[in-house]
Protein chains: 2
Amino acid sequence: MNAITPASAERLVRVPLGERAYDILIGPGLIARAGKEIAARLKGRRAAIITDEHVAPLYLDELLASLQGAGIQSSKLVLPAGEKTKSFEHLMAVCDAVLTARVERNDAVIALGGGVIGDLSGFAAGIVRRGVRFVQVPTSLLSQVDSSVGGKTGINTHHGKNLIGVFHQPDLVLADTDVLNSLSEREFRAGYAEVAKYGLIDKPDFFAWLEANWKEVFSGGAARIEAIAASCQAKSDVVVADERENGPRALLNLGHTFGHALEAATAYDSRRLVHGEGVSIGMVLAHEFSSRLNLASPHDAKRVETHLKAVGLPTRMGDIPGELPPAEVLMDAIAQDKKVKSGKLTFILTRGIGQSFAADDVPASEVLSFLREKHP
Amino acid sequence: MNAITPASAERLVRVPLGERAYDILIGPGLIARAGKEIAARLKGRRAAIITDEHVAPLYLDELLASLQGAGIQSSKLVLPAGEKTKSFEHLMAVCDAVLTARVERNDAVIALGGGVIGDLSGFAAGIVRRGVRFVQVPTSLLSQVDSSVGGKTGINTHHGKNLIGVFHQPDLVLADTDVLNSLSEREFRAGYAEVAKYGLIDKPDFFAWLEANWKEVFSGGAARIEAIAASCQAKSDVVVADERENGPRALLNLGHTFGHALEAATAYDSRRLVHGEGVSIGMVLAHEFSSRLNLASPHDAKRVETHLKAVGLPTRMGDIPGELPPAEVLMDAIAQDKKVKSGKLTFILTRGIGQSFAADDVPASEVLSFLREKHP
């Protein structure tokens, strides 16, 4: 019994949040087993599946069949794919679908899709009847290692991204690793940026392991499952320490301040830049900026860049196709994203690989001159 | 110093919900002191006031001046009065106003109004930035003794009332008893039905005190403050025992199952029936139904009816002006409101004054024949 079978390759990460504790299952074939796993954990026997037009043709029938096989009566709502779906209008549509499906408190909303579907459906699950059960079936690497865990949900408004939402933990996360085979290389890489992030935050050994094993993570199999499980465990640790983001959870934003500014500067045009790519460039910038502030060695920034470049991720602002606005405009986007108090910013900086920390006194002027240097 | 001065007449009820604990202040002149009381408790110095067109001309300027005097920068949004305002569209408008006012996590949304404004504003406060601070300044007796305490927020949809919302506790409730002088007699009476409810749930001594002192409660002064404080304390006790309504909090629905059905049957037309009036009739029906099931003495039902009639509240379905639909239609409304499991309903019944309990096995057929008898 020493051979690695699919069953033995499966991993379970338990998120120990008291009465809101839940399991994350990671491995192949989980969509086919979804009905059984949900029925074992939830009292209700109704579900409203929310998905998008890209994911539905690939996995919806399999999920529906699995639920039916477990005696769970389910409805489906197929939404347009893309970030624009995280809107008040679509939130209304999801709430209406969930109520029409007569989902009660012990029944479930099931998000079948990436981060957009997860954030939107989780928000609806958090507010219909002041909270019904919620199951995440993340279908992108990014959502498997990041957004499906931790309970942050939300939508965008013209004031900004994710400004309206609730904390609503899922009751179960089913990260079916088979679905990752249908991702484009670019999508997989973008998710990988968040995997690498967990190493850079506070797990230098994991980062070193990724440097050594990334090719196997990309090609699938046990190393991939291991990398996803380690990422979910890392996210779980941070969430358990700070469920409602009053403190340490901020470390998850490593690379995200620069990354968000670049996403805004490219008008969230996924042809030019997707979230994980922004995070990749942002993490390199965060390490370089920390080095410029004499907090970290320039060698560490180089090491981060070398690894991210090796897997094929962009690491420089110049890697983004098309023109970028000047440094001052990027700085404005950063100032809008963060609160600027008396010219000081809160920023995730680092003292080296796996030694990140939150600094709340970074002079905006330092950030601006750094950006000018990087993007003259 | 034995004379009752306004300051000594003021009452404080603390709702001990751990890190979500908060104060309810009850007494005269609290709107004028709002800025000071808020500044003493909240870190932020921004506020978005949400109110309605009926309340704004009476109290908005006084509240704005009080906030300004305490160094709190505030914006205002004046909405249409009435239940229709508890909609997705108005929720969007409130969220937009709160974001436009640049209210951050430690700043406040302030609800100045009755239950509609409180429920809507509290929902917005619960979802903007995944939760900002929230202050209730209830201006009706109903909202002072019921909806402003306990953290239930929400809006209505075509599927039903309050089906979408969150639990979001206020950080402070300021029940200014001076504002009650501007209520119509009918509005005050409707709120009084919920005051009497607390006695009927589990405080027979309080109900007896109301029977003896209701005229003073209606005429104002110390007895009124006492009755409101006792009601807030009773609500607080139930909320602390069951913040998210998994058990004992259901007792607060005494009289509400029949009451909601009557509200639905009159199409929520406040000219015919307002919420508190429906609860008044509903409480009498709940006691009579309990008597019919041989749980309580018919004498108790009579005592409840006598008191509610004495204060001028309707106590019979026949007291509602206009035609009511037949018993079968009322029964449908009850079945829609509650979950019917195998012909059984969950219902708040009673063994006598102040001895209510939740029964989860009430045969729907018994309810229907009772309704037919009461409304042939």
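As the structure is a prediction and not an experimental result, all values here were calculated from the model.

Rules of the game
- Per chain, the residues get numbers from 1 upward, laid out in the order the sequence is written.
- Here every chain gets a letter starting at A, and every ligand a number starting at 1, in the order they are written.
- Residue-level local features of this predicted model are given only where pLDDT is at least 70; pairs of side-chain atoms are given and counted only at 80 or more, and the full residue set underlies all totals for whole chains, interfaces and linings.
- The basis for every side-chain value is the complete set of heavy atoms in the structure, and neither hydrogens nor water enter the calculation.
- In what follows, a contact means two residues having at least one pair of non-hydrogen atoms within 4.5 Å.
- When two parts are put together, the accessible area they lose, computed with a 1.4 Å probe and summed over both, is reported as buried area.
- For this analysis, a salt bridge means a side-chain nitrogen from Lys or Arg found within 4 Å of a carboxyl oxygen belonging to Asp or Glu.
- Whenever a nitrogen or oxygen atom comes within 3.5 Å of another N or O atom, the pair is scored as a polar contact, on the condition that within protein one atom can donate a hydrogen and the other can accept it, and that pairs from neighbouring residues in sequence are kept only if both atoms are in side chains.
- Numbering of helices and strands runs from the N terminus; a helix is a DSSP stretch of H or I covering at least four residues, while a strand is a stretch of E covering at least two.
- A least-squares fit on C-alpha atoms brings the copies together, and the residues used are those whose pLDDT is at least 70 in both copies.
- A pair of strands counts as paired when DSSP detects no fewer than two bridges linking them.
- Here an angle of 0 to 180 degrees is reported between the N-to-C directions of two axes, which are lines fitted to C-alpha atoms, with helices fitted over the stretch in contact.
- Per-residue confidence from the predictor is given as pLDDT, running between 0 and 100.
- Our angle categories are set so that under 35 degrees counts as roughly parallel, over 145 as roughly antiparallel, 65 to 115 as roughly perpendicular, and the remainder as oblique.
- It is the rotation of the near helix from the far one that decides the hand of a crossing: anticlockwise by less than a right angle makes it left-handed, clockwise makes it right-handed.
- Residues were grouped as follows: Ala, Val, Leu, Ile, Met, Phe, Trp, Tyr, Cys and Pro as nonpolar; Asp, Glu, Lys and Arg as charged; and all remaining residues, including Gly, as polar.
- UniProt positions are given in the numbering used here, feature names are shortened, and annotations may be inferred rather than shown by experiment.
- Only protein chains enter the accessibility calculation, which uses a 1.4 Å probe; a residue whose area is less than 20% of its type maximum is buried, one above 50% is exposed, and one in between is partly exposed.

What follows is about the interface of chain A and chain B. Counting residues at the interface gives 31 residues for chain A and 31 residues for chain B. Carbon and sulfur atoms make up 57% of the surface buried where chain A meets chain B, a total of about 2,600 Å² over both sides. Ranking the residues of chain A by area buried against chain B places Phe88, Arg130 and Leu163 of chain A at the top, with a combined share of 27%. If you look at where chain A meets chain B, you find zero salt bridges. The interface formed by chain A and chain B includes 16 residue pairs in polar contact (both at pLDDT 80 or more). Going through the elements one at a time, helix H4 (88–100), helix H5 (115–127) and strand E8 (160–164) of chain A are the ones with two or more residues in the side of chain A that touches chain B.

The operation relating the pair of chain copies consists of a rotation about an axis and a translation along that axis. Mapping chain A onto chain B leaves a residual RMSD of 0.0 Å; the transformation is a rotation of 180° accompanied by 0.0 Å of translation along its axis. A rotation of that kind, with that shift, is consistent with a two-fold axis. With an isologous cut-off of 70% or more, the 100% of interface residues of chain A that recur at the interface of chain B puts this contact in the isologous class.

Residues and elements named next belong to chain B. Ordered by their spatial adjacency, seven strands build an open sheet running E1-E2-E9-E6-E5-E3-E4, and the pairing between neighbours is mixed. The open sheet has two edge strands with one neighbour each: strand E1 (11–15) and strand E4 (73–79). Each strand of the sheet is rotated relative to its neighbour by a mean of 15°, with strand direction disregarded. The sheet contact formed by strand E5 (residues 108–113) and strand E6 (residues 133–138) spans six bridges and is parallel. The residue bridging Leu112 from the neighbouring strand is Val137, located in E6. Each of strand E3 (46–52), E4 and E5 is contacted by helix H4 (residues 88–100), which is oriented at about 165° to E4, the strand it contacts most.

This part takes up the confidence of the model for chain A. Of all residues in chain A, 96% have pLDDT values of 70 or greater, and the mean over the chain is 94. Low pLDDT, under 50, characterises residues 1–7 of chain A; the predicted model gives this stretch four contacts beyond four residues in sequence or across chains.

Residues and elements named next belong to chain A. Put simply, helix H10 (residues 256–265) and helix H11 (residues 275–292) touch, their axes get as near as 7 Å, and they point 130° apart. The orientation of H10 relative to H11 falls into the category oblique. At the point where H10 passes H11, the crossing takes the right-handed sense. Mapping the contact onto sequence places His256, Phe258, Gly259, His260, Leu262 and Glu263 in H10 and His275, Gly278, Val279, Ile281, Gly282, Leu285, Ala286 and Phe289 in H11. The class makeup of the residues in the contact of H10 with H11 is seven nonpolar, six polar and one charged.

All names here are of chain A. Following the UniProt record, the feature "binding site: NAD(+)" (unreviewed entry) maps to Gly115, Val116, Ile117, Gly118, Asp119, Thr139, Ser140, Lys152 and Lys161 here. By the secondary structure assignment, Val116 is in helix H5. We classify Val116 as buried; its relative accessible area is 17%. Not counting residues within four places of it along the chain, the set of residues in contact with Val116 comprises Gly82, Glu83, Thr85 and Lys86. With respect to the element layout, Thr139 can be found in the loop between strand E6 (133–138) and helix H6 (141–147). Exposure remark for Thr139: the relative accessible area of 8% places this residue in the buried category. Among all residues touching Thr139, those that are not within four sequence positions of it are Val55, Tyr59, Leu112, Gly113, Gly114, Val179, Leu180 and Leu183.

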